[in-house]
Amino acid sequence: MRVLRVWLVFFLIMVGIPTATLAQSGDAEDCPTLVDLALATTDEVCALTGRNEACYGHVWIDAEPAETTGDIQFEQAGDIIDVAALQQLRLSTMDTADDTWGIALMRIQANLPDALPGQNVTLVLFGDVTIDNAGEESPWLEVTATANSNVRAQPSTGSRIVDRLSESDTARADGRLSDSSWLRIRLAEGGWGWVSADLLSSTGDSATLPVVDPAADTPSYGPMQAFYLQTGLGDAPCAPAPPSGLLLQTPTNEEPIELLVNDVSIRLSSTAFLQAVADDLLYVYLLEGRATVEAFGQERTLIPGSRVTVPIDADLHASGPPNPPEPYAETVVQALPTSLLQRAFIMVEPPAAEVIEAQQVGCTLTAPGTINVRSGPGTSYPQVYQLRGGESMAVYQQVVGVQGLTWWLMEDGYWVRSDLVTTEGPCDLMPVVQQTPTIPTPVPYDESLNINVCYWSNGGVWSEPVSPNVIIGASPGTVRVESAEIIRDGGMAPTLRIDGADRGAPFFTEYKSEGAGRASVAWYWRGGSMSPGTHQIEYTVVVRQTIPYYGENDAYTLSPGWTNVWTCTITVP
């Protein structure tokens, strides 16, 4: 086909027919077909791309291996390699004459926890793009808090607290002091903090972590979590084709990920499009979710439909702070290959300039009393935590919820009802969310409680400490079990019957939450000697659950409770 086209062009030149018109006509006809073919091919051959892997989606791509890597096999569609093996990828711009349009797909871990192996940051590169890996494979350990622990800004008990770990919480440690007395961990909301090593456990050896200077506290970035990017600009050859660039998406809109692009720090929980032109600008387009862009000590906040530009020099390094956010042109993003991403989303219309400006000024809410914070805009969504009276949070977006009330989306990605808080700033100009979380399906009560085994020894009878497992479903309208408790039934404590005879209350009854809607009840009774043989035990108790009361204050109340009779048998020798 290429030879035929060349001879045809040569013939037309000889007879004096202009070729520019022919080339444009041919490209216009071939371009949509090539776009469809390239995207379909990439979607098929890259479907099995795993964490920290890169996939060759469509020709043409030139791969340069990392210095520590030998020869690599990354030459045709479907080739998949570890991103740590790559130093550079160079993709081809669209050429309909050769049916080439370079597309690569990556899935990187960034700062996502190891406990979520199926969740990755997706990067889709297409067209005239060069990306140089500036991250490195650095050692780390998964650590577990052995007690409730403070996370501090510096490795000292006198340093300010930046976060807390509850007992059994896990985190990723990536640095230590020279004596290993403090470990540096990644924070869930981004950034780093220090925890005393005495409060952490790990199956690995903390001495394998690099020694970090707390004064510098330089963050570490994994492979392709830091990179230098260069792209074409305004080079889409037809309407169905996107301009060259990098499309990236985080797995959720809750936990932010951190990237270092051309020395610019980008934190996002969203979908974004990036372009970079040497000795000009880095362009960051936010398509949905939220993001911040920071360089030279200045940070800009993006809302969906806006973009930020950052000056970069001829070597692709940031050369100045980010410029103020502005609405982007829809024509730049309307043809982006979002079908290659793992999560669908709604593309919003660019907001007015005054809405973007209001976001920079900021809106702050304050809770006058204790209120519930939920995972979505409505009381049908689970409670995540509670804001206490006087606590304040920045407002990010707004939406009219399922009950017809306005809800605020806060900076941490969770929601509160607008009539329960006071606000300060241009809150009415906060952008409207176009896509809200799916309402969870209510789980009915499970009131069946059963004892599997109980014991007798030295005149005492007791239950297995973790049995019975009380499976407490959620009340209608929520999927979260907040708490439960043993209550008195008609003024009586839990009662025990042995062989049909009342034996009064057990010596103690202990309720223990096991998490995930499960609980256990342990009890003990000492009532003197029992005759040898098999005896029937009946244990009666009322359990009631703390459930939301969907009133004006979104407050909490207790369910009426339900009576449970547990039975088991014991054998006295």
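Residues numbered from 1 in each chain as written. Predicted model: local features only at pLDDT ≥ 70, side-chain atom pairs only at ≥ 80, totals over all residues. Heavy atoms only, no water.

### Thoughts on the overall build of the protein
As a reminder, the rule being used: Note on conventions: DSSP H or I runs of at least 4 residues are helices, E runs of at least 2 residues are strands, and numbering of each starts at the N terminus. Throughout, a contact is declared for two residues whenever any of their heavy atoms are within 4.5 Å. Each accessible area is a Shrake-Rupley estimate made with a 1.4 Å probe; only the visible protein chains count as cover when residues are assessed.
Looking only at helices and strands, one finds four helices and 40 strands in the protein. Partitioning the intrachain contacts of the protein with sequence separation of at least 6 by distance along the chain shows that 65% fall at a separation of at least 24. Split by element, the accessible area of the protein, about 26400 Å² in all, is 51% carbon and sulfur.

### A word on the packing of aromatic side chains
Our working rule: Only Phe, Tyr and Trp rings are paired, with Trp represented by its six-membered ring, and only when their centres lie within 6.5 Å; those with planes under 30 degrees apart are stacked, over 60 edge-to-face, the remainder tilted. For the exposure calls, accessible area comes from a 1.4 Å probe over protein chains only, and a residue counts as buried if that area is under 20% of its type's maximum, exposed if over 50%, partly exposed in between.
Counted under the stated rule, the structure contains eight aromatic pairs. Plain terms: the ring middles of Phe126 and Phe273 are 6.1 Å apart, the flat faces sit at 5 degrees to each other, and that makes the pair stacked. In this pair, Phe126 sits in strand β6 (residues 121-126) while Phe273 sits in strand β18 (residues 264-276), placing the two residues 147 residues apart along the sequence. Phe273 carries the same exposure label as Phe126, and that label is buried. Taking the centre distance of 6.4 Å and the plane angle of 80 degrees together, the rings of Trp192 and Tyr221 count as edge-to-face. With Trp192 in strand β13 (residues 192-196) and Tyr221 in the loop between β14 (200-201) and β15 (226-231), this pair connects stretches of sequence that are 29 residues apart. Grouping residues by exposure puts Trp192 and Tyr221 together as buried. Through pairs of rings, three or more aromatic residues link up here, namely Trp101, Phe126, Phe273, Tyr283, Tyr285 and Tyr328.

### Let's talk about helix α4 (residues 353-361)
Basically, it comes down to this: By construction, the arc corresponds to the directions joining the helix axis to the C-beta atoms.
Among all positions in α4, only Val355, Ile356, Ala358 and Gln359 are buried. Within α4, the buried residues cover an arc of 155 degrees as seen down the axis, which keeps them to one side. Residues of α4 that are exposed and point over 90 degrees away from its buried face: Glu357 and Val361.

### Some thoughts on the pairing of strand β20 (residues 298-302)
For clarity, the cut-off: DSSP-based pairing: two strands are paired if at least 2 bridges between them are found.
Summarising the sheet, strand β19 (residues 281-295) and β20 pair through five bridges and their orientation is antiparallel. Within β20, the position partnered with Val293 by the bridge is Arg300. Between β19 and the antiparallel strand that follows it, β20, lie two residues; Phe296 among them carries a positive phi value of about 55 degrees.

### Quick word on the environment of Asn150
Which entries qualify depends on this criterion: In protein, a polar contact means a hydrogen-donor-capable atom and an acceptor-capable atom, both N or O and within 3.5 Å, with residues adjacent in sequence counting only if both atoms are side-chain atoms; elsewhere, any N or O pair within 3.5 Å suffices.
Note that Asn150 resides in strand β9 (residues 149-152). Taking C-alpha positions, Asn150 is 6.6 Å from Val195, a pair spaced 45 residues apart along the chain. Among residues more than four places away in sequence, those in contact with Asn150 are Ile161, Asp163, Arg164, Trp194 and Val195. Within polar-contact distance, the side chain of Asn150 engages the side chain of Arg164 at 3.3 Å.

### Examining unusual backbone geometry
Here the bond from Val59 into Trp60 is cis, since omega is 20 degrees, no more than 30 degrees from zero. Considering the arrangement of structural elements, one finds Trp60 in the loop between β1 (53-58) and β2 (61-65). The phi dihedral of Met224 is positive, around 60 degrees, even though this residue is not glycine. Under the relative-accessibility criterion, Met224 is labelled buried at 0%. Non-glycine residue Leu316 carries a positive phi angle of around 75 degrees. Turning to its location among the elements, Leu316 is positioned in the loop between β21 (306-311) and β22 (326-327). The exposure class of Leu316 is buried, given its relative accessible area of 10%.

### Looking at the state of the cysteines
What makes a disulfide is a covalent bond joining the sulfur atoms belonging to two cysteines. Our working definition: Any cysteine sulfur atom paired with another within 2.5 Å is treated as part of a disulfide.
Summed over the entire model, instances satisfying the criterion amount to three disulfides. Here Cys46 connects covalently by a disulfide to Cys55, the sulfurs 2.0 Å from one another. One disulfide, between Cys46 and Cys55, carries an S-S torsion of -80 degrees and so falls in the left-handed class. Across the pair, Cys55 and Cys46 agree in class, each one buried. Between the sulfur atoms of Cys363 and its disulfide mate Cys427 the distance is 1.9 Å. Looking down the S-S bond of the Cys363 and Cys427 bridge, the torsion is 95 degrees, so its handedness is right-handed. Separated by 64 residues along the polypeptide, Cys363 in strand β23 (residues 363-366) and Cys427 in the loop between β29 (422-424) and β30 (454-457) bring together distant segments of the chain. In terms of burial, Cys363 and Cys427 fall into one category: buried.

### Side note on the pattern of salt bridges
Here is the rule we go by: Whenever a carboxyl oxygen of Asp or Glu lies within 4 Å of a side-chain nitrogen of Lys or Arg, that contact is scored as a salt bridge.
Applying the stated criterion across every chain, the model contains six salt bridges. Its salt-bridge partner being Glu288, residue Arg343 comes within 3.1 Å of it at the nearest N-O pair. Of this pair, Arg343 sits in the loop between α3 (330-333) and α4 while Glu288 sits in strand β19; the two residues are 55 residues apart in sequence, bridging distant segments of the chain. Taking the relative accessible area as the measure of exposure, Glu288 reaches 7% and is therefore buried. Arg417 is paired through a salt bridge with Asp419; the nearest N and O atoms lie 2.8 Å apart.

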